[in-house]
Amino acid sequence: MVSATLDNETRPGLSVQISRVSHAYRTGAEPVDVIDNVTFGVDPGEFVALLGPSGCGKSTLLRLVAGLDQPSEGKVGTDMVRVTGPDPARLLVFQDPTLFPWRTVRQNIALGLEARGVAGDHRAATDEALALVGLEAFADALPHELSGGMAQRAALARVLINHPRLLLLDEPFGKLDALTRMTLQGELLRLWQQGGFTTMLVTHDVEEALLLAQRVIVFGPRPASVVFEAEVDLPYPRHRDDPGFIALRRDILIALGHGEEL
Amino acid sequence: MWIGAGLFALYVPGVTPLPRTGLLGGIELAIGIAIAVVALAPWRRSEGLEQADRWLAALPIGFVIWQYATNKTGLLPLPFFPAPESVLEVFTDDWAKLAESALASLVLLIPGYAIGAALGFSLGVAIGWSRAVHYWAHPILRFVGPLPATAWLPIAFFCFPSTRSASTFLIALASGFPVAVLTSSGVASVARAYYDIARNLGADPRFLVRKVAVPAALPSVFVGLFMGLGASFVVLVTAEMIGVKAGLGFYLQWAQGWAAYANIYAALIVMAFLFSGLIGLLFAVRDRVLAWQKGIVRW
């Protein structure tokens, strides 16, 4: 287990293979199709945004990549190995920070180390993770004492302490106010550039996708299927008034069926 | 107020002279003087005293009414309504037996409650966690659980070698049922997101139970422990009144046999202090364990 952690630290991001994946939920009598025949890949270290209307099934796709659910049809793999269950190398951050309310921020961040049975004092590792997201002063605070932005930082630290090789983000800034969201977007970019991990970001915010990702994959309404794909070949940090940015935003909005509002 | 009550006790003559009248009046006078000293003390204002001021004023009035209605006028019939002096006399003269009974009650209650709480908790976690255990155990719990534990008395008394072990079993049964039900519902209603996060971070089922399900269910577990404690008091007193030859329930039974109602009131007062003390203790533990919760209900 300890060696796996070291591997994650030294090895670069995972590649992702999604091949003819379809998925249906069995919640009542009729199965509900949420993903319809989706195929795409992600390169090691790449930052990909999955964009689509709310409830279209892109979050389900992330759960499949995380190994929390198994696809009804098709194959999900990382580094050409089929995903069969959860693995601390592929970590998911949810829209709600869902910190454990009975644990302090530090104890929440140490959760992954504890769960994998990493021996010894976690103080140094948690200090490092707290510093990474700027929460040093709140190490011993309880989750209900944190603001929404701070809670989401703690959720990020809880994941990053495990040195994931693939970071899966499910609308992580969706519930934050606009200013906090901008700050955290900048920090995510910095963490990704430092960390070398692959990132898949699910969002329904076109500008967020274009500010952060190297490639944007656009999904149609449920059941999700790929309707458009765009390389974002713009240098960081990006600006919303850049002509290339505006052109891409137009293309994506047209693909999402909102062209007439431009 | 207290001073007035003390003077009332001392100087208004009673129907029959009672031996502890002087002591009661003295205690009331002493409380009155103590309150006056604390209230007038220039060095420090006591907030607790100010919050309780209406109670502090009402209590001596209550005592005066009690004395007036009993020995001072004989309005209420004896022996069912003894004067406060008589109840006080029980405390001064029979305190050893009362203390012994209270101790005997505790010695009977605590092992039974501990066993019931531990088994109820374990069963609750198992039912809340495992579908198979839930399938088999839940219907039994639902069907048999609502039976009051005292209904098992006839069976328990012949199944167990001693009334003590039978009573322990019944107390465990009474306290175990609510603990099991509330623990299982607490475990079953833990948000799936918590499990997702822990599984994603590499947790095995053991970790999920011990570090996710149980802590998340604790608020519910404490409700069960509270209800179980209340149920255990009922069984304890019943068992002592009809089987066990010790404890406060036995004392009540014994006092009733002698129509010694002052002793009954004294035993009830001891019982009230004992039981509310135990519940207060449970809540103190809960407040410590669940300190992470916002705005929890105070006892």
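Just so we're clear, the structure is a prediction, and the values are computed from it rather than from any experiment.

**Quick notes on the overall build of chain A**
Turning to step 1, where the next piece is worked out: When helices and strands are counted, chain A shows nine helices and 10 strands.
Turning to step 2, where the next piece is worked out: Relative to the globule expectation of 18 Å for 262 residues, the C-alpha radius of gyration of chain A, 18 Å, shows essentially globular dimensions.
Turning to step 3, where the next piece is worked out: Counting only C-alpha atoms and orienting by the principal axes, one finds that chain A spans roughly 55 × 45 × 35 Å.
Turning to step 4, where the next piece is worked out: Looking at the 262 residues of chain A, the share that counts as buried comes to 53%.
Turning to step 5, where the next piece is worked out: Long-range pairs, those at least 24 residues apart, make up 70% of the contacts in chain A with a sequence separation of at least 6.
Turning to step 6, where the next piece is worked out: Of the roughly 11,400 Å² that chain A leaves accessible, carbon and sulfur atoms contribute 53%.
Turning to step 7, where the next piece is worked out: Considering chain A, the positive charge centre built from 24 side chains and the negative charge centre built from 34 side chains are found 4 Å apart.

**Concerning the pairing of strand β4 (residues 73–78) of chain A**
Residue and element names in this part refer to chain A.
Turning to step 1, where the next piece is worked out: Relative to β4, strand β1 (residues 16–25) runs antiparallel, the two being bridged by five bridges. Looking across to β4, one finds that V16 is bridged to T78.
Turning to step 2, where the next piece is worked out: Bridging between β4 and strand β5 (residues 81–82) involves two bridges; their strand directions are antiparallel. Paired with G77 across the strands is R82, a residue of β5.
Turning to step 3, where the next piece is worked out: Between β4 and β5, which pair antiparallel and follow one another directly, the connecting turn spans two residues, one of which, D79, has a positive phi of 50°.

**Concerning the sheet that holds strand β2 (residues 32–42) of chain A**
Residues and elements named next belong to chain A.
Turning to step 1, where the next piece is worked out: Read across the open sheet, the four strands follow the order β2-β1-β4-β5; overall the sheet is antiparallel. Single-partner strands in this sheet number two, and they are β2 and β5.
Turning to step 2, where the next piece is worked out: Helix-sheet contacts for helix α2 (residues 58–66) involve β1, β2 and β4, and the interaxial angle to β1 is about 120°.

**Overview of the packing of helix α1 (residues 2–11) of chain B against helix α4 (residues 53–72) of chain B**
Residue and element names in this part refer to chain B.
Turning to step 1, where the next piece is worked out: Where α1 meets α4, the axes come as close as 8 Å, and the angle between the chain directions of the two elements is 15°. When the interaxial angle is binned, α1 and α4 end up roughly parallel. Viewed along their axes, α1 and α4 form a crossing whose handedness is left-handed. The segment α1 lies against α4, with W2, A5, F8 and A9 engaging L56, L59, P60, F63, V64, Q67, Y68 and K72.

**A look at the interface of chain A and chain B**
Turning to step 1, where the next piece is worked out: Facing the 27 residues of chain A at the interface are 19 residues of chain B.
Turning to step 2, where the next piece is worked out: Here chain A meets chain B over a buried area of about 2,000 Å², counting both sides, of which 66% is carbon and sulfur.
Turning to step 3, where the next piece is worked out: In this assembly, chain A and chain B are joined by two salt bridges.
Turning to step 4, where the next piece is worked out: With a shortest N-O distance of 3.4 Å, E114(A) and K211(B) are connected by a salt bridge.
Turning to step 5, where the next piece is worked out: At the junction of chain A with chain B, the criterion picks out six residue pairs in polar contact (both at pLDDT 80 or more).
Turning to step 6, where the next piece is worked out: Residue assignment for the side of chain A that touches chain B shows that the elements contributing at least two residues are α2, β6 (90–93) and α4 (111–115) of chain A.
Turning to step 7, where the next piece is worked out: With four residues, the top contributor of residues to the side of chain A that touches chain B is α4(A).
Turning to step 8, where the next piece is worked out: In the side of chain A that touches chain B, the residues fall into 15 nonpolar, five polar and seven charged.

**What about the UniProt feature "domain: ABC transporter" (unreviewed entry) in chain A?**
Turning to step 1, where the next piece is worked out: Under the feature "domain: ABC transporter" (unreviewed entry), the UniProt entry names residues 16–246 of chain A.
Turning to step 2, where the next piece is worked out: Within the segment residues 16–246 of chain A, helix and strand shares are 31% and 26% respectively, and the terminal C-alpha atoms sit 29 Å apart.

**Things to note about empty space enclosed by the protein**
Turning to step 1, where the next piece is worked out: Enumeration over the complete set of coordinates arrives at one cavity of 30 Å³ or more.
Turning to step 2, where the next piece is worked out: Each pocket or cavity is described by its volume, and for the largest cavity that value is around 40 Å³.
Turning to step 3, where the next piece is worked out: Taken together, L91(A), L92(A), F94(A), R158(A), V159(A), I197(B), N200(B) and L201(B) form the lining of the largest cavity.
Turning to step 4, where the next piece is worked out: Taken together, the elements giving at least two residues each to the lining of the largest cavity come down to β6 and α6 (148–160) of chain A together with α9 (192–200) of chain B.
Turning to step 5, where the next piece is worked out: Each residue belonging to the lining of the largest cavity can be placed in one class, and the counts come to six nonpolar, one polar and one charged.

**Topic: the sheet that holds strand β7 (residues 166–170) of chain A**
Residues and elements named next belong to chain A.
Turning to step 1, where the next piece is worked out: The six strands are arranged β6-β7-β8-β3-β9-β10 in an open sheet whose pairing can be described as mixed. Every other strand in the sheet has two partners, leaving β6 and β10 (226–231) as the edge strands with one partner each. Here the strands of the sheet are splayed against their neighbours by 15° on average, with no regard to which way each runs.
Turning to step 2, where the next piece is worked out: Relative to strand β8 (residues 198–203), β7 runs parallel, the two sharing five bridges. Its bridge partner lying in β8, L168 is registered against M200.
Turning to step 3, where the next piece is worked out: The strands touched by α6 are β6 and β7; relative to β6, the strand with the most contacts, the crossing angle is about 170°.

**Considering α4(B)**
Residues and elements named next belong to chain B.
Turning to step 1, where the next piece is worked out: Look at α4: 27 Å from first C-alpha to last across 20 residues, which is about the 28 Å you get at 1.5 Å a residue.
Turning to step 2, where the next piece is worked out: Of all the residues in α4, the buried ones are P60, Q67, A69, T70, N71 and K72.
Turning to step 3, where the next piece is worked out: Contacts made by the buried residues of α4 are with α1, α2 (21–40) and α5 (84–129).
Turning to step 4, where the next piece is worked out: Count one or two residues on from α4 and you reach G74, which has phi positive near 75°.

**Describing the nonpolar core**
Turning to step 1, where the next piece is worked out: Ranked by size, the top nonpolar core spans 150 residues in total, and within it I18(A), F40(A), L50(A), L61(A), M200(A), V216(A) and F219(A) carry the most contacts.
Turning to step 2, where the next piece is worked out: Ignoring anything within four residues of it in the chain, the contact list for L50(A) reads F40(A), K58(A), L61(A), L62(A), M200(A), L201(A), V202(A), T203(A), I217(A) and F219(A).

**Regarding the domain arrangement of chain B**
The extent of an interface is frequently quoted as the accessible surface area lost upon association of the parts.
Residue and element names in this part refer to chain B.
Turning to step 1, where the next piece is worked out: According to the domain assignment, chain B contains domain 1 (2–76) and domain 2 (87–289).
Turning to step 2, where the next piece is worked out: Taking the mean C-alpha position of each, domain 1 and domain 2 sit 38 Å from one another.
Turning to step 3, where the next piece is worked out: Each side of the interface is counted separately: domain 1 has six residues, and domain 2 has five residues.
Turning to step 4, where the next piece is worked out: Between domain 1 and domain 2, the buried area comes to about 440 Å², and carbon and sulfur atoms account for 77% of it.
Turning to step 5, where the next piece is worked out: Scanning the region where domain 1 abuts domain 2 turns up zero salt bridges.
Turning to step 6, where the next piece is worked out: For the pair domain 1 and domain 2, the interface holds zero residue pairs in polar contact (both at pLDDT 80 or more).

Calculation rules
- Think of each chain on its own: its residues are numbered from 1, step by step along the sequence as written.
- Working convention: letters from A go to chains and numbers from 1 go to ligands, in the order in which they are written.
- This being a predicted model, a pLDDT of at least 70 is required before a residue's local features are given, and a value of 80 or more before pairs of side-chain atoms are given or counted; all residues contribute to the totals for chains, interfaces and linings.
- Side-chain metrics rest on all non-hydrogen atoms present in the structure, leaving aside hydrogens and water.
- By definition, any uninterrupted DSSP run of H or I lasting at least four residues is a helix, any uninterrupted run of E lasting at least two residues is a strand, and each is numbered from the N terminus.
- It is over C-alpha atoms that the radius of gyration is taken, and the globule rule equals 2.2 Å times the number of residues to the power 0.38.
- Relative accessibility decides the category of a residue: with a 1.4 Å probe and only protein chains considered, values under 20% of the type maximum give buried, values over 50% give exposed, and everything between is partly exposed.
- In what follows, a contact means two residues having at least one pair of non-hydrogen atoms within 4.5 Å.
- In this description, accessible areas are obtained by the Shrake-Rupley approach with a 1.4 Å probe, and a residue is regarded as covered only by the protein chains that are shown.
- The convention is simple: Lys and Arg are positive, Asp and Glu are negative, and His and the chain ends are not counted.
- All charge positions are set by atom: Lys at NZ, Arg at CZ, Asp at CG, Glu at CD.
- Here a strand pair is declared whenever DSSP counts at least two bridges between the two strands.
- Axis definition: a line fitted to C-alpha atoms, over the contacting stretch in the case of helices. Angles run 0 to 180 degrees between N-to-C directions.
- Oblique is the label for any angle not covered by the other classes, which are roughly parallel (under 35 degrees), roughly antiparallel (over 145) and roughly perpendicular (65 to 115).
- With the far helix as reference, a near helix turned anticlockwise by less than a right angle produces a left-handed crossing, and one turned clockwise produces a right-handed crossing.
- Values labelled buried area give the accessible surface lost by two parts on being combined, using a 1.4 Å probe and summing over both.
- What counts as a salt bridge is simple: a side-chain nitrogen of Lys or Arg found within 4 Å of a carboxyl oxygen of Asp or Glu.
- By the criterion applied in these results, polar contacts are pairs of N or O atoms within 3.5 Å in which, for protein atoms, one can donate a hydrogen and the other can accept it, and in which residues neighboring in sequence qualify only through two side-chain atoms.
- Three classes are used: nonpolar for Ala, Val, Leu, Ile, Met, Phe, Trp, Tyr, Cys and Pro, charged for Asp, Glu, Lys and Arg, and polar for all others, with Gly counted as polar.
- UniProt positions are given in the numbering used here, feature names are shortened, and annotations may be inferred rather than shown by experiment.
- Lining residues are defined by having an atom within 4 Å of a point belonging to a cavity or pocket. Those points lie on a 1 Å grid over the protein atoms alone, cavities being sets where a 1.4 Å probe fits but cannot get out and pockets being open sets with protein on both sides within 12 Å along at least five of seven lines.
- Grid points are joined across faces, edges and corners, and a volume is the space filled by probe spheres set on the points.
- A helix is expected to span 1.5 Å multiplied by its residue count minus one.
- To form a nonpolar core, buried Ala, Val, Leu, Ile, Met, Phe, Trp, Tyr and Cys residues must be joined to one another through side-chain atoms within 4.5 Å.
- Throughout the structure description, domain borders are defined by an automatic or database domain assignment.

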